[in-house]
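Observations on the three-dimensional arrangement
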Amino acid sequence: MPNNERLDGTIVLGVEWNFSEHLIRTAAHLAASLKAHLICAFVDPASYLTEWAPENQRTALSLDPSTNEEAEFPSSQLQQRLHDILGQPGQTWSFRVLNGDPSKALTRLAENTGAALLVVGPGRQGSLARLGRALEGSVTATLIQQQHRPVLVIPEPANQPRTGQSRRSKRSA
C-alpha cells in the first residue's frame, strides 16, 4: 500500500477478558499507522444473540429479559483496563460488547462497520482451553476460514503473562 493511501475501513480487535497489553498496543499501533479507527470488541460469553429470527428481524435482546448487573461489571472493568492502555475512547478507538458466538459476533461487527481487517490474539493457553477448542472449535481458526477480509493473529511475546494472570498460573498452564 503506498504511503499516501488510507486503509478503507475500521480495524476490529477481538478482546478476551484476559487480554495481553502487547495485543492491545500492537493493534493500536497498527491502526494509528494505517490511520484507521480501532474497535475493541468483547464478546460476552454469558449472553446469546437471538439468531433464529430472519436476518432482517434479528435483535440483540437477551433471552433473559431481567437486567443482570453482574454481567455488566466485567465489560465495564474491561473497558477501564483498555482506557488505562489506550487513553480516552473517541477518535482513535472505541469499545463494543457483543453477544453470541464469538466468531459470528466478530464477523457481524466487521460487516456492519465496514472493517478492512480483523485482529485477534492466539487464543487462551492451557489444557482447559485446548479441551474447549476441541469441543467448540477455535475462534481464530473459524475466523480465518470464513472471512473474506484479512485476519491478523498477533502472537504473544515469550515470557509475558496476560493481564490479570499471575506468573504461577502461566507456569501451570
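As the structure is a prediction and not an experimental result, all values here were calculated from the model.

1. Here we look at helix α1 (residues 21-33)
In this model, α1 (13 residues) spans 18 Å end to end at C-alpha, consistent with the 18 Å of a helix rising 1.5 Å per residue. When α1 is considered as a whole, its buried residues turn out to be L23, I24, A27 and A31. Each buried residue of α1 lies within a common arc of 95 degrees when the element is viewed along its axis, so the set occupies one face. The outward face of α1, more than 90 degrees from its buried face, is lined by the exposed residues H29 and A32. Directly after α1, the chain includes K35, whose backbone phi takes a positive value near 55 degrees.

2. Re the environment of F95
Among the structural elements, F95 can be located in strand β3 (residues 93-99). C-alpha separation for the pair F95 and L13, spaced 82 residues apart in sequence, amounts to 9.5 Å. Sequence-distant contacts of F95, that is, excluding residues within four places in its chain, are made with C40, F42, S75, L78, Q79 and L82.

3. Some thoughts on unusual backbone geometry
The phi angle at K35 is positive, at roughly 55 degrees, despite the residue not being glycine. For K35, a relative accessible area of 55% corresponds to the exposed category.

4. Observations concerning the packing of helix α3 (residues 102-113) against helix α5 (residues 139-146)
Look at α3 against α5: their axes get within 9 Å of each other, and the N-to-C directions meet at 45 degrees. One element, α3, and the other, α5, form an angle in the oblique class. Classified by chirality, the crossing of α5 by α3 is right-handed. Where α3 approaches α5, its residues P102, S103, L106 and T107 are matched on the opposing element by V139, T142 and L143.

5. Quick word on the sheet that holds strand β2 (residues 38-44)
Taken in spatial order, the 5 strands make up an open sheet running β3-β2-β1-β4-β5, and their pairing is parallel. The open sheet is flanked by β3 and β5 (151-153), the only strands paired with a single partner. Averaged over all neighbouring strand pairs, the angle between strand axes comes to 25 degrees, with direction disregarded. Note that strand β1 (residues 11-14) and β2 share 4 bridges and pair parallel. Bridge pairing in β2 links V12 to I39. Helix-sheet contacts for α1 involve β1, β2, β4 (117-120) and β5, and the interaxial angle to β1 is about 175 degrees. Sheet contacts for α5: β4 and β5; angle to β5, the most-contacted strand, approximately 150 degrees.

6. As for the pattern of salt bridges
Inspection of every chain in the model, using the stated rule, returns 1 salt bridge. Salt-bridge contacts for R25 lead to E21; the nearest nitrogen and oxygen are separated by 2.7 Å. With R25 and E21 both in helix α1 and 4 residues apart, the pair spans about one turn of that helix. Judged by relative accessible area, E21 falls into the partly exposed class, the value being 33%.

7. Quick notes on the confidence of the model for the protein
Per-residue confidence for the protein gives a mean pLDDT of 76, with 62% of residues at or over 70. A low-confidence stretch, residues 57-64 (pLDDT under 50), is modelled with 14 contacts involving residues beyond four sequence positions or located in other chains. Across residues 163-173, where pLDDT falls below 50, the model places 11 contacts with residues more than four positions away in sequence or in other chains.

8. Notes on the side chain of T140
Mapped onto the secondary structure, T140 falls in helix α5. Taking the relative accessible area as the measure of exposure, T140 reaches 14% and is therefore buried.

9. Description of the pairing of β1
Of the two faces of β1, the one lined by I11 and L13 and the one lined by V12 and G14 are each fully buried. Crossover connection from β1 via α1 to parallel β2: handedness right-handed. Of the pairings in the sheet, the one linking β1 to β4 comprises 3 bridges and is parallel in character. Among the inter-strand pairings, L13 is bridged to a residue of β4, identified as V119.

What counts and how
Residues numbered from 1 in each chain as written. Predicted model: local features only at pLDDT ≥ 70, side-chain atom pairs only at ≥ 80, totals over all residues. Heavy atoms only, no water. Helix = DSSP H or I, 4+ residues; strand = E, 2+ residues; numbered from the N terminus. Expected span 1.5 Å × (residues − 1). Buried < 20%, exposed > 50% of the residue type's maximum accessible area, 1.4 Å probe, protein only. Arc of directions from axis to C-beta. Contact = heavy atoms within 4.5 Å. Axes fitted to C-alpha atoms, helices over the stretch in contact; angles between N-to-C directions. Parallel < 35°, antiparallel > 145°, perpendicular 65-115°, else oblique. Left-handed = near helix turned anticlockwise from the far one by under 90°. Pairing = 2+ DSSP bridges. Salt bridge = Lys/Arg side-chain N within 4 Å of Asp/Glu carboxyl O. pLDDT = per-residue confidence, 0-100. Right-handed = clockwise from strand over helix to strand, strands pointing away.

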